[in-house]
Amino acid sequence: MTITYREALRMGLREALARDPRVLLVGEDVGRYGGTYAVSKGLLEEFGPDRVRDAPLSELAFVGAGIGAALGGLKPIVEVMTVNFSLLPLDQIVNTAALLRHMSGGQFAVPLVIRMSTGAGRQLAAQHSQSFEGWYAHVPGLKIVAPATIDDAHGMLGAALADGNPVLVFEYPALFEMAGDLSTAAIDLARAAVRRQGTRLTIIAYGGCVPKALAAAEKLAGEGINAEVVDLRVLRPLDMDTVLASVRKTRRAVVVDEGWRSGSLSAEVMARIMEQAFYDLDAPVARVCREEVPIPYAKHLEEAALPQVDKIVAAAKGLFQ
Amino acid sequence: MTITYREALRMGLREALARDPRVLLVGEDVGRYGGTYAVSKGLLEEFGPDRVRDAPLSELAFVGAGIGAALGGLKPIVEVMTVNFSLLPLDQIVNTAALLRHMSGGQFAVPLVIRMSTGAGRQLAAQHSQSFEGWYAHVPGLKIVAPATIDDAHGMLGAALADGNPVLVFEYPALFEMAGDLSTAAIDLARAAVRRQGTRLTIIAYGGCVPKALAAAEKLAGEGINAEVVDLRVLRPLDMDTVLASVRKTRRAVVVDEGWRSGSLSAEVMARIMEQAFYDLDAPVARVCREEVPIPYAKHLEEAALPQVDKIVAAAKGLFQ
Amino acid sequence: MSHAAPPPPSGPVPFPRENSARLLKDMLRIRRLEEKCAELYGAGKIRGFLHLYIGEEAVATGAMHALARGDNVVATYREHGHALLKGVPMDRIMAEMYGKKEGCSRGRGGSMHLFDAATRFYGGNAIVGGGLPLAVGFGLAAKMRGEERLTACFFGDGAVAEGAFHESMNLAALWKLPVAFFCENNYYAMGTAIERYESQPDLCVKAASYGVEAFAVDGMDVVACYEGARRAREIALAGAPAFVEFRTYRYRAHSMFDPDLYRDKAEIEEWKTRGPIHTFTARLKAQGHLTEERFLDIDAQVEAEVERAVAFAEAGAWEPVEDLAKDVYAP
Amino acid sequence: MSHAAPPPPSGPVPFPRENSARLLKDMLRIRRLEEKCAELYGAGKIRGFLHLYIGEEAVATGAMHALARGDNVVATYREHGHALLKGVPMDRIMAEMYGKKEGCSRGRGGSMHLFDAATRFYGGNAIVGGGLPLAVGFGLAAKMRGEERLTACFFGDGAVAEGAFHESMNLAALWKLPVAFFCENNYYAMGTAIERYESQPDLCVKAASYGVEAFAVDGMDVVACYEGARRAREIALAGAPAFVEFRTYRYRAHSMFDPDLYRDKAEIEEWKTRGPIHTFTARLKAQGHLTEERFLDIDAQVEAEVERAVAFAEAGAWEPVEDLAKDVYAP
Ligand SMILES: Cc1ncc(C[n+]2csc(CCOP(=O)(O)OP(=O)(O)O)c2C)c(N)n1
Ligand SMILES: Cc1ncc(C[n+]2csc(CCOP(=O)(O)OP(=O)(O)O)c2C)c(N)n1
Ligand SMILES: [Mg+2]
Ligand SMILES: [Mg+2]
């Protein structure tokens, strides 16, 4: 069956709500409006206002309430409209959701799923175009996933609800129109995935940059460089086995990250490769990231600020000079 | 003159308030109480309640008010009691203070200084022992400084006020009792500092870990390994020239970071070294960080979770195996 | 759930005819500017988010006429009208919408981030509630510097649910700051009606709970908006913040992406009969302060200004990519 | 600035003598436990932050006696008494203070992070205001699961200034949740007196602005505390949140690090004459419900419990370092 990434997300939500009466969706405009990006369209009509619950503009409280509801026996899916607004409830996500299990001596599970859209590319300017997945991936106690395919867009939510930990699911509006076949493969929250087999270098990407990495790999193939593409999928915990297996094979790597270069997740991936595969490398690992500027509204400037296929190609070729 | 780190911080505050009538200190219990860590003790009596202004438990609003006050012509120093609570005003720090100059086309300067204490080591448990300097160092538009010496504790505040950008000054309670001589050296917000000359490896640290790095270097010297110690001082922008000059000389490095290992600032330092000095390295750069757990209350567990001198020594020796 | 519109504004306008003409013209300037923006959005000249103020013009118009040049204004992402009437030239606003470097934010901000230091227009904030703490800080600066300067902070009804509102109201009242909180209550936060997100939909009750003087005015009546804002300004400059709830209505969808399926069409139609421009025009005509020719003449001047603004934007240049990293930090 | 104490609680206690004896004993259990903790802090057995509740015992005691076993409790870092009376054994609390693995949080939480799933005691939160959103979620869960279960959320006066308070009150009222917000107003947030940080120091006015039923009770009178909490519980279980302001006073410094230089000694002395334990004892004696021997007998039982708790903690073990990373994630 061919569906879009948006439809896959919606299907995952509908299945979760249908499967378990403890599941509810809470967030701004998830119900009557149908979700800013129409992801939850139709769910209010199907499951009613208690389980598809519109919330006030109170991110701190409704995310915290999601934690309490999870402790109280529900399985909440809380939507924070975009990662840019997730700075408001960050205290609850870190100081409560992430720490609680450990600091209580293992007494409490927080089976909470927080969904948020992230990334740039639609001329929404500085305050609506940020990427903080890397920040969240820094926090012990949280699991962070970034669906970049139709299957993951559909399946990661269910896997997150079953996980038993607070899981943040990042959704990529840049991919919402992407269409593809939905398979029946089981979705885990453990492994990175090799999206393209290759031999001469490894391009490591996640989320909205995965299609760019694949496009770059095609271009490189045209120039005789056969690149492997690894989709991290799970940003915490990182599946370094898959990454290292690929890098040990290709001996070269480029990390692509939509976050600001300094301190982005790309740095952690590079540090781990240095720690664990230093002697297998034929060249230093390179990276292609967001320029270290707020994203401007003007299209040409926004494009210049973001990772692009040609930049990935150039970085890849650079590894062979 | 010999003073403590705490006294140096207080001296810096007093001088700033005395020097410029536009300067004011705002925060919880900075006045009547004298500051949680007694850093601002006596300033209310000296400068009055308007300029040493106690604020309600409203971190989001008083940090945002600091931004507005800076735009309005004051030079506010806002104290957020600890970095753990800074997650509440993070939206204002990132979405307004950091982005404003660029997204307004360069029209507005935000000459705001935000002080906060950070770090662990006093058995304050999970919610009072975090280190998020690395997070802040990810954000374009912010400058991040971490005084680790008496001179920096005294001088960085004044330099931050003169900088014209939003500057976050991280203070380390673990160092508050540290005593030393105050010099008259000018304090910049640009350069890392070599705190100990060495030849065989470089230990890179910042903030509360600098004394641990120096102690480790002494131990290593006892075992015939002469280590250089670089204090990053400024976490954004990073002064890689100083770091690279040292690493190119020693060809080996250990990065010490009190933050959680994955995604900590140490990863960025390692990534930069890989990018810029890969062929100068005789061994992969190693790191000693906080274990990836919330900090437990129990002393023995807290100690086990944090970077310690013996761990640094072990990591350093590991570079020679 | 329906939000009853107030009776249509009526009766003679208590201003000299020239002042009334300026108010009318300014409402028209906002309206025509935004109608053009909607058209240009369709044409792909303007991108990103675009939030139209159409229907709410009386609020910004009345309020801005009550402010002094030296006052500060902090607004939201629905701020085209506020920027325009604070004095930002229409051509620089239009150039900003185009993303041109002649724009008031050099093309970096777009519709949601209009800024202009010269007219003390501080944006242009796309974080709901994000402007309130800033306004408190501006008030603190003005007070400590001994300036007779109001800070007017515009925000929507939805922002009242944010913690930032609570903390900011308390700070402003506690510190007795010259800040006027102008709440543009259009009864919806995106697709959520106020009674579906506020346990107490009477926003003045909330504001009053901080000891802040709070009152509501008819946001469809530019006269009431002007008088309410002027009164708030007096209260604030006398040394205590004021809160004004402007009861108004958004005729267009929340943004260009909004299918607007959550509102009752009859409700929209009812509010349209209270249109701030046509009701004001009718009142002026009834009292003999305006003729149809004069109206057409004013409208023509406005149309011409809009056309000039479009031409200016079209003729503008793109900021060179080399300047991308400029102004992240002070030089 | 002085905060006038209420008249000392007086008159006969309207409870059967055995219930009164239990209330007295529970207040003493909190008092003696904390006096011992202060002593052990001095001896270096307890470290980190330690916030004593001494003087405020009537609040937790009255409130907890009004709750059912199945009710949820969310508290702050000043929660020893709340944990104890919700049913967490004193020895496990003391072991937690020591950082031993027999502690109710396995030694990982310490004084500020007492937790106990068995008694539905959800901590133990060191972020001011952090517990309020949690309580809203517990209320939502109870309501959606059709459980007759109250969630009692304790927090201080200082927390009222946080945005979390504003957002949580609105959510609880909007969604009609069975949550009782118990505000322990001891007039100070660390060293800052309430009138120095709240523009409206009458906290009930604030709570009422959300349409929440709000009332204040004498927090030095365990009878008033019990009745206020019971009434709040009835309101909440009937389907709407309630807010109770317990007017009380902290006799000790904010924490063991606080030199307590911001309060007028006369104010402290005045409030001490309202001590919840001695005034209650006097009333019981006056009405012949308590004799001095009985009092000494109860106190002796409590002292014995405290000594057993100390012995238990002393005998406890340290969690093995190998287990440091245990329970960061679900297995
Ligand atoms: C903190 C935050 N949360 C959510 C959003 C997404 N959002 C943008 S506008 C809006 C509704 C705001 O409604 P209101 O305050 O009434 O202003 P109006 O649009 O009606 O003028 C929402 C939810 C945002 N921009 N910021
Ligand atoms: C968000 C946050 N800000 C600041 C602090 C530091 N702090 C701890 S307790 C406290 C005062 C709280 O006062 P109140 O709420 O009245 O409770 P009380 O201590 O009087 O019981 C402060 C400022 C904190 N723990 N959390
Ligand atoms: Mg609105
Ligand atoms: Mg208090």
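Conventions we followed
Residues numbered from 1 in each chain as written. Chains lettered and ligands numbered in written order. Predicted model: local features only at pLDDT ≥ 70, side-chain atom pairs only at ≥ 80, totals over all residues. Heavy atoms only, no water. Helix = DSSP H or I, 4+ residues; strand = E, 2+ residues; numbered from the N terminus. Expected span 1.5 Å × (residues − 1). Buried < 20%, exposed > 50% of the residue type's maximum accessible area, 1.4 Å probe, protein only. Donors = N, O, S within 2.8 Å, 3.2 Å for Na, K, Ca; no water. Salt bridge = Lys/Arg side-chain N within 4 Å of Asp/Glu carboxyl O. Contact = heavy atoms within 4.5 Å. Polar contact = N/O pair within 3.5 Å; in protein donor to acceptor, adjacent residues only side chain to side chain. Nonpolar A, V, L, I, M, F, W, Y, C, P; charged D, E, K, R; others polar. Near = heavy atom within 4 Å. Areas by Shrake-Rupley, 256 points an atom, 1.4 Å probe, with all protein chains shown as cover. Buried area = accessible area lost by both parts, 1.4 Å probe. Least-squares fit on C-alpha atoms with pLDDT ≥ 70 in both. Pairing = 2+ DSSP bridges. Right-handed = clockwise from strand over helix to strand, strands pointing away.

1. Here we look at helix α10 (residues 265-277) of chain A
Residues and elements named next belong to chain A.
Consideration 1: Its 13 residues give α10 an end-to-end C-alpha distance of 18 Å, which sits within 8% of 18 Å, the value for a rise of 1.5 Å per residue.
Consideration 2: Burial of α10 is extensive: eleven of the 13 residues sit out of reach of the surface.
Consideration 3: Buried within α10 are the following residues: L265, S266, A267, E268, V269, M270, A271, R272, I273, M274 and A277.

2. Considering the coordination of the magnesium ion (ligand 4)
All names here are of chain D.
Consideration 1: Coordination of the magnesium ion (ligand 4) by the protein comes from D157 (OD), N186 (OD1) and Y188 (O), over a distance range of 2.0 to 2.1 Å.
Consideration 2: For the magnesium ion (ligand 4), all donor residues lie on one chain, and their spacing in sequence is D-x28-N-x1-Y. With D157 in the loop between β2 (151-156) and α6 (163-174) and N186 in the loop between β3 (179-185) and β4 (188-189), the pair connects residues that are 29 residues apart, well separated along the chain.
Consideration 3: Overall, D157 belongs to the buried group, its relative accessible area being 1%.
Consideration 4: Of the residues examined, N186 reaches a relative accessible area of 6% and is grouped as buried.

3. Details of the pattern of salt bridges
Consideration 1: Per the counting criterion, the structure on display carries 106 salt bridges over all chains.
Consideration 2: Measuring nitrogen to oxygen at the nearest pair gives 2.5 Å for the salt bridge that ties E228 of chain A to K249 of chain A. Highlighted residues: E228 of chain A in strand β11 (residues 227-231) and K249 of chain A in helix α9 (residues 240-250), separated in sequence by 21 residues.
Consideration 3: Here E177 of chain B makes a salt bridge to R6 of chain B, at a shortest N to O gap of 2.9 Å. Separated by 171 residues along the polypeptide, E177 of chain B in the loop between β7 (167-171) and β8 (179-181) and R6 of chain B in helix α1 (residues 5-19) bring together distant segments of the chain.
Consideration 4: For E177 of chain B, a relative accessible area of 57% translates into the label exposed.
Consideration 5: You can call R6 of chain B buried: its relative accessible area is 18%.
Consideration 6: Linked through salt bridges whose partners overlap, the residues forming this network are D152, D188, R195, D231 and R233 of chain A.

4. Looking at the interface of chain A and chain B
Consideration 1: Each partner contributes residues to the interface: chain A has 48 residues there, and chain B has 48 residues.
Consideration 2: Scanning the region where chain A abuts chain B turns up eight salt bridges.
Consideration 3: Counting the contacts that link chain A with chain B gives 23 residue pairs in polar contact (both at pLDDT 80 or more).
Consideration 4: Listing elements by their share of the side of chain A that touches chain B, those giving two or more residues are α4 (90-98), α5 (100-103), β13 (253-260) and α10 of chain A.
Consideration 5: Per-element accounting of the side of chain A that touches chain B gives the leading share, seven residues, to α10 of chain A.
Consideration 6: A class-by-class count of the residues in the side of chain A that touches chain B yields 27 nonpolar, twelve polar and nine charged.

5. Digging into the site of ligand 1
Consideration 1: Around ligand 1, a shell composed of 22 residues is seen, among which E59 of chain A together with Y77, R78, A126 and G158 of chain C lie nearest.
Consideration 2: Note that a nitrogen atom of ligand 1 is positioned 2.8 Å from one of the backbone N or O atoms of A126 of chain C.
Consideration 3: Contact between ligand 1 and D157 of chain C: an oxygen atom at 2.9 Å from a side-chain N or O atom of the residue.
Consideration 4: In isolation ligand 1 exposes 580 Å². Once the protein is present, 96% of that is buried.
Consideration 5: For the shell around ligand 1, the class distribution of residues is twelve nonpolar, five polar and five charged.

6. Examining the interface of chain D and chain C
Consideration 1: Opposite the 20 residues of chain D that make contact, chain C presents 20 residues.
Consideration 2: Summing both sides of the interface, chain D and chain C together bury roughly 1,500 Å²; the carbon and sulfur share of this comes to 48%.
Consideration 3: On the chain D side of the interface with chain C, the three residues burying the most area are H166, S199 and S209 of chain D, jointly 35% of the side's total.
Consideration 4: For the pair chain D and chain C, the number of links is zero salt bridges.
Consideration 5: Here chain D is connected to chain C by ten residue pairs in polar contact (both at pLDDT 80 or more).
Consideration 6: Among the elements of the structure, α6 and α7 (203-208) of chain D are those that each provide at least two residues to the side of chain D that touches chain C.
Consideration 7: With seven residues, the single largest contributor to the side of chain D that touches chain C is α6 of chain D.
Consideration 8: Classifying every residue of the side of chain D that touches chain C by side-chain character gives eight nonpolar, six polar and six charged.

7. Topic: the relation of the copies chain A and chain B
Consideration 1: Mapping chain A onto chain B calls for a rotation angle of 180° and an axial translation of 0.0 Å; the resulting RMSD is 0.0 Å. When the rotation and shift are considered jointly, the pair of chain copies conforms to a two-fold rotation axis.
Consideration 2: An overlap of 100% is found between the interface residues of chain A and their copies at the interface of chain B, pointing to a shared contact surface.

8. Thoughts on the site of ligand 2
Consideration 1: Within the structure, ligand 2 sits among 22 residues, and E59 of chain B together with Y77, R78, A126 and G158 of chain D are positioned closest to it.
Consideration 2: One finds residues of chains B and D in close proximity to ligand 2.
Consideration 3: A159 of chain D has a polar backbone atom sitting 3.2 Å from an oxygen atom of ligand 2.
Consideration 4: The backbone of Y188 of chain D places a nitrogen or oxygen atom 3.0 Å from an oxygen atom of ligand 2.
Consideration 5: Notes on ligand 2: free accessible area 580 Å², of which the protein chains cover 96%.
Consideration 6: Its residues placed into classes, the shell around ligand 2 shows twelve nonpolar, five polar and five charged.

9. Structural notes on the pairing of strand β14 (residues 286-290) of chain A
Residues and elements named next belong to chain A.
Consideration 1: Across the five residues that make up β14, a large majority, five, are buried.
Consideration 2: Pairing of β13 with β14 involves five bridges; the strand directions are parallel. Each residue of the ladder has a partner; that of V254, found in β14, is A286.
Consideration 3: Between the parallel elements β13 and β14, the chain passes through α10 in a crossover that is right-handed.

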